[in-house]
Each structure stands twice: as structure tokens, then as C-alpha cells.
Amino acid sequence: MQISKKNFYIIGLFSLFGFITIFLIGFFIGQSTHPSSPNFFFADEDGDLNNLFNPFFQAWEIVHSQYLEQPVNDKDLMQGSIRGMMESLGDPYSTYLDPEQFREQNTPLEGEYTGIGAWVDTTGEFLVIISPMPNSPAEDVGLKPGDVVLKIDDKDITNLDPTLVLRKILGPADTQVLLTITREGEPDLMEFEITRAVISIPSVESELINGHIGYIRLYSYGLNSYDEFSLAVIQLLEQGADNLIVDLRNNTGGYVDSAIDITSIFLKEKVVLIEEWGDETTEDYMTTKDPITLDTPLYILVNEGTASASEITAGALQDYNRAILIGTTTFGKGLIQNWIPLEGENGAVRVSIAHWLTPNGRQIQDLGLSPDIEIEFTEDDYYAGEDPQLEKAIEIITAD
């Protein structure tokens, strides 16, 4: 998920929905005085828009007057109309979320929720596991990045919107859910029975390795991530760290502002990302904070779960040769969306507004970032308690 502060997009969309509200009021007033005429929706000078929306309100009238099960729920119809409008764009990242879905979608940035403990991608045709959270029920049973959920409790959910699939997976702590998934390279479907739990979502963990290597794991780019991350950097340097390892593996992103702030810790007066809009105009986003260290050697661990905002940080630092990337190719999420809450707590729309590029103009959508040093982290490594990617970074530092 990525967020960009483009006020004119927000204003434009609010204006659109405000316009639709006026449209609805005009319709109902018109219906009360001219039941056979649907043409009292917009100002007379906007006849083209009247004609465009006539079929919509004709359908609205038919549903209210002829549908078998009355009364119909106007709020459901309104939300369904917005959802259909977003789906018609043909962009999996531009969607409508009802109020409950919107709350759930924002939960991972707020610190705690009840479920299985996995970051997921709800933007495609199916619900896909991006990565299990550390020490979570999802990690305990062996869910892996790329797992695709096909059934929940033996019920086929492949025709459901992924955000609805996510709602079915969430549930009270200490209850069970059975997931049937397909995994690349596995010929048969796999089943995982998972006990839900209260999941505390970490932001930053840090430690000093071998007395001089600072290790920081950043799990997400939330509202407080810059404060926590910068404090960790300062404390490690004060403890004598002469090299830093930043672990962005399975970091699925978060707020763009947070990514720019954190990247600013290691750069001074540099472009962090380039936003490219549909008309090919661009805008540079510069560092926003005073740097903490410009010369401490920096190594970033990445994998296929490194996505979105974490790719902004990794891509910028790689472009400036400020960091060495170690691991596997990242997820490849190079689109920026605005999340715009709708008035009256009616959920939100998420709209793709731009591509983002690295400072060198690299496009990473569907491509990802290639590491400078490619090294796998296999299932056998995991069960053996080994971490070859982290070990490689330590090896390079020690050799120097």
C-alpha cells in the first residue's frame, strides 16, 4: 500500500462524490413532481452529463419499483455502484472498500489485530500471502510468500473479492480456520489449520552483532516508524556500530512519507523517488530529514516479500551506491495510490494516481529490484535455523 499527498486528486474525487450526492437529491425531488421524467439531475447546461447518467437512475428506479424483495437497502446500492465504478477502471489497485474493509485494511499500520498473522495482497484475482509475520500462527504452520488461498474451511472462495476472503480469515483469538492453498512448485493443494491469535505488529527491532555490527529489522512503514528507526540507528552508533545491516525482508510497505523520511537518514539533499503521472509529467521527492549517518557502510537484506515503500528505500540507496542489496529480487510494486475516505463513514476509494521510479528513473512495477549480491534463503535453511542472507552480510563486513 502506498499513500501520496496529492490534494488536487483528493479534492477532485470529493467533488465527484459531492456531485453525485447533488445528483441523487435532484433525482428524488424530480421524482416527486415529475415521476415520468428522469432528467432533473444536473444543471440544464450540462445536458451531456444528464444523458450519460439517465440509464443509471432508470435502473435505480426500476430496482425500487419492481424488484421482488422490498424494501431495498439504498446504502448497499450506493456502495455497490461505487464498487462497480472502480472495478470498471480495469486496475486491480483501484478499488472501493466498505467501512469494515477500510478499517481492516488499515489495521496493519495501527499496531494490533486478531487473525493468523500474515501480510497479504488483496489487489489481484486471489488472496496471496506476501509473508507471514514473525512468530505468528501463519509462520508456525509454514505459510510462505506466494501462497494463494483457494478455500476457507473447505469452501471454495475463488470467486470472492480478495478483501472479502481476508474478512473470512480474520476472527476471534483461539478459534481455528482451515486454509487450502496452492503453492508454486507443489503439484497438490496444501491444507493448513491455523489457530487465530491477537497479533502484535512490530515496527522495528535492533541489536548489536559481534560488538560492532548494527542490525535493524524494519517490519513496516507506519506512522511511528521513522521515530523508532532513527532512534535505533542513533543507539547502535552510540554503542559502537561501524556497519549497519537493515533488514527489509518481508516488509510489505506502508506510508510513502515514512519511506522518504527513513531514507533521508542515509542521504542528504537527494531525490528519493520520482512520481510519474499518466501524462508523463514527473515530480521529484527529495529527502525530508537531516541525515544521521552519510558514511557508515550499509547493507540491505531484501527478498520477494520486500514491496512498495520498502522498495522505495532500497531502490534509492542502491541507485546512489549508498547501500549494497543482498538477497533475492523484490516484489515489484511501483504504483502509487491515494486512499480517500468517503464522507459519512462510507468506506474509501483507493485510486492509482502514478508510477514511482527510483532516482535513476528505474521502473520497478512487476520487475522488482535486483540485489547486488543474490543469495537464496531456502526452506531447509529456515528449519535448520540458518540465515544465509544475513550471514553473507556479516561475512562481507568481517572480511573488510
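Just above sits the structure.
As a starting point, this report considers the structure included with it. What you see is a predicted model, and the numbers here were worked out from it, not measured in a lab.

**So, the overall build of the protein**
In step 1: Looking only at helices and strands, the protein features eleven helices and 19 strands.
In step 2: The proportion of buried residues among the 400 residues of the protein is 50%.
In step 3: Across the protein, contacts joining residues at least 24 apart in sequence account for 66% of those joining residues at least 6 apart.

**Quick word on the side chain of Arg196**
In step 1: Mapped onto the elements of the fold, Arg196 is located in the loop between strand S8 (190-195) and strand S9 (197-200).
In step 2: Separated by 2.7 Å, the side chains of Arg196 and Thr175 make a polar contact.
In step 3: Leave out the neighbours within four places in its chain, and Arg196 touches Gly115, Ile116, Lys168, Ile169, Leu170, Gly171, Pro172, Ala173, Asp174, Thr175, Gln176 and Val177.

**A short note on helix H11 (residues 388-399)**
In step 1: The terminal C-alpha atoms of H11 lie 16 Å apart, and with twelve residues this matches the ideal 16 Å at 1.5 Å per residue to within 8%.
In step 2: For H11, every residue scored as buried is listed here: Pro388, Gln389, Leu390, Ala393, Ile394, Ile396 and Ile397.

**Let's talk about a negative patch on the surface**
In step 1: A grouping of Asp153, Asp154, Glu191 and Glu193 is seen on the molecular surface, where their side chains present a negatively charged patch.
In step 2: You can see Asp154 is positioned in the loop between strand S5 (148-152) and strand S6 (155-156).

**Details of the packing of aromatic side chains**
Within a pair of aromatic rings, the relevant descriptors are the distance that separates the centres and the angle that separates the planes.
In step 1: Going through the model one piece at a time under the given rule, you end up with three aromatic pairs.
In step 2: Ring geometry for Phe56 and Trp60: centres 6.3 Å apart, planes at 35°, overall tilted. Of this pair, Phe56 and Trp60 are both found in helix H2 (residues 47-66), four residues apart, which corresponds to roughly one turn of the helix.
In step 3: A relative accessible area of 9% places Trp60 in the buried class.
In step 4: Here Phe229 and Phe266 contribute two aromatic rings whose centre-to-centre distance is 6.2 Å and whose plane-to-plane angle is 85°, an arrangement assigned as edge-to-face. Of this pair, Phe229 sits in helix H7 (residues 225-238) while Phe266 sits in the loop between helix H8 (256-263) and strand S13 (271-276), and the two are 37 residues apart along the sequence.
In step 5: Given a relative accessible area of 3%, Phe266 falls into the buried group.
In step 6: Taken together, the aromatic side chains of Phe56, Phe57 and Trp60 make up a single cluster linked through ring pairs.
In step 7: Above the plane of the ring of Tyr226 lies Lys289, whose end atom (NZ or CZ) is 5.0 Å from the centre.

**Considering H8**
In step 1: Within H8, seven of the eight residues are buried, leaving the element largely enclosed by the surrounding structure.
In step 2: Every buried residue belonging to H8 is among Val256, Ser258, Ala259, Ile260, Asp261, Ile262 and Thr263, and all of these are buried.

**Side note on the sheet that holds strand S19 (residues 373-374)**
In step 1: Strand order in this open sheet of six strands is S10-S11-S12-S15-S16-S19, and the pairing throughout is mixed. The open sheet has two edge strands, strand S10 (204-209) and S19, and neither has a second partner.
In step 2: Relative to strand S16 (residues 324-327), strand S15 (residues 298-302) runs parallel, the two sharing four bridges. Counted as the bridge partner of Ile300 is Leu325 from S16.

**Things to note about empty space enclosed by the protein**
In step 1: Taken as a whole and assessed by the stated rule, the structure comprises one cavity of 30 Å³ or more.
In step 2: Its volume calculated, the largest cavity comes out at about 30 Å³.

**Some words on the layout of surface pockets**
In step 1: Estimates place the volume of the largest pocket at around 1100 Å³.
In step 2: Taken together, 38 residues form the lining of the largest pocket, with Pro145, Asn250, Asn303, Phe377 and Tyr382 sitting closest to its centre.
In step 3: Counting only elements with at least two residues in the lining of the largest pocket, the list comes to strand S4 (128-132), S10, strand S11 (213-218), helix H10 (379-383) and H11.
In step 4: With four residues, S10 is the single largest residue contributor to the lining of the largest pocket.
In step 5: Class assignment for the residues of the lining of the largest pocket results in twelve nonpolar, ten polar and 16 charged.

**Here we look at the pattern of salt bridges**
In step 1: Using the criterion set out here, one finds seven salt bridges in the structure.
In step 2: Close ionic contact of Asp98 with Arg167 constitutes a salt bridge, the shortest N to O distance being 3.3 Å. With Asp98 in the loop between strand S1 (95-97) and helix H4 (99-106) and Arg167 in helix H6 (residues 162-169), the pair connects residues that are 69 residues apart, well separated along the chain.
In step 3: We classify Asp98 as buried; its relative accessible area is 12%.
In step 4: For Arg167, a relative accessible area of 26% puts it in the partly exposed group.

**Considering the nonpolar core**
In step 1: Within the largest apolar cluster, 47 residues are counted, with the highest numbers of intra-cluster contacts made by Phe229, Phe266, Leu273, Leu298, Ile300 and Val349.
In step 2: Setting aside residues up to four positions removed in sequence, Leu273 forms contacts with Val256, Ile260, Glu283, Asp284, Tyr285, Ile312, Ile336, Trp356 and Leu357.
In step 3: Counting 17 residues, the second largest nonpolar core, distinct from the first, contains Leu127, Ile129, Ile152 and Val177.

**With respect to the packing of H8 against helix H9 (residues 309-319)**
In step 1: As a packed pair, H8 and H9 sit with axes 8 Å apart at the nearest point and diverge in direction by 30°. Relative to H9, H8 is oriented roughly parallel. Relative to H9, H8 is oriented so that their crossing is right-handed. On the side of H8, the interface is formed by Val256, Ala259 and Thr263, while H9 contributes Ala309, Ile312, Thr313, Ala316 and Leu317.
In step 2: Of the residues belonging to the contact of H8 with H9, the class tally is six nonpolar, two polar and no charged.

The rules behind the values
- Residues numbered from 1 in each chain as written.
- Predicted model: local features only at pLDDT ≥ 70, side-chain atom pairs only at ≥ 80, totals over all residues.
- Heavy atoms only, no water.
- Helix = DSSP H or I, 4+ residues; strand = E, 2+ residues; numbered from the N terminus.
- Buried < 20%, exposed > 50% of the residue type's maximum accessible area, 1.4 Å probe, protein only.
- Contact = heavy atoms within 4.5 Å.
- Polar contact = N/O pair within 3.5 Å; in protein donor to acceptor, adjacent residues only side chain to side chain.
- Expected span 1.5 Å × (residues − 1).
- Patch = residues over 30% accessible without salt bridge, like charges linked within 9 Å, V, L, I, M, F, W, Y side chains within 5 Å.
- Areas by Shrake-Rupley, 256 points an atom, 1.4 Å probe, with all protein chains shown as cover.
- Salt bridge = Lys/Arg side-chain N within 4 Å of Asp/Glu carboxyl O.
- Lys, Arg positive; Asp, Glu negative; His and termini not counted.
- Charge placed at Lys NZ, Arg CZ, Asp CG, Glu CD.
- Phe/Tyr/Trp six-rings, centres within 6.5 Å; stacked < 30°, edge-to-face > 60°.
- Lys NZ or Arg CZ within 6 Å of the ring centre and 35° of its normal.
- Pairing = 2+ DSSP bridges.
- 1 Å grid on protein atoms, 1.4 Å probe; cavity = no way out; pocket = protein on both sides within 12 Å on 5 of 7 lines; lining within 4 Å.
- Points joined across faces, edges and corners; volume = space filled by probe spheres on them.
- Nonpolar A, V, L, I, M, F, W, Y, C, P; charged D, E, K, R; others polar.
- Core = buried A, V, L, I, M, F, W, Y, C linked by side-chain atoms within 4.5 Å.
- Axes fitted to C-alpha atoms, helices over the stretch in contact; angles between N-to-C directions.
- Parallel < 35°, antiparallel > 145°, perpendicular 65-115°, else oblique.
- Left-handed = near helix turned anticlockwise from the far one by under 90°.

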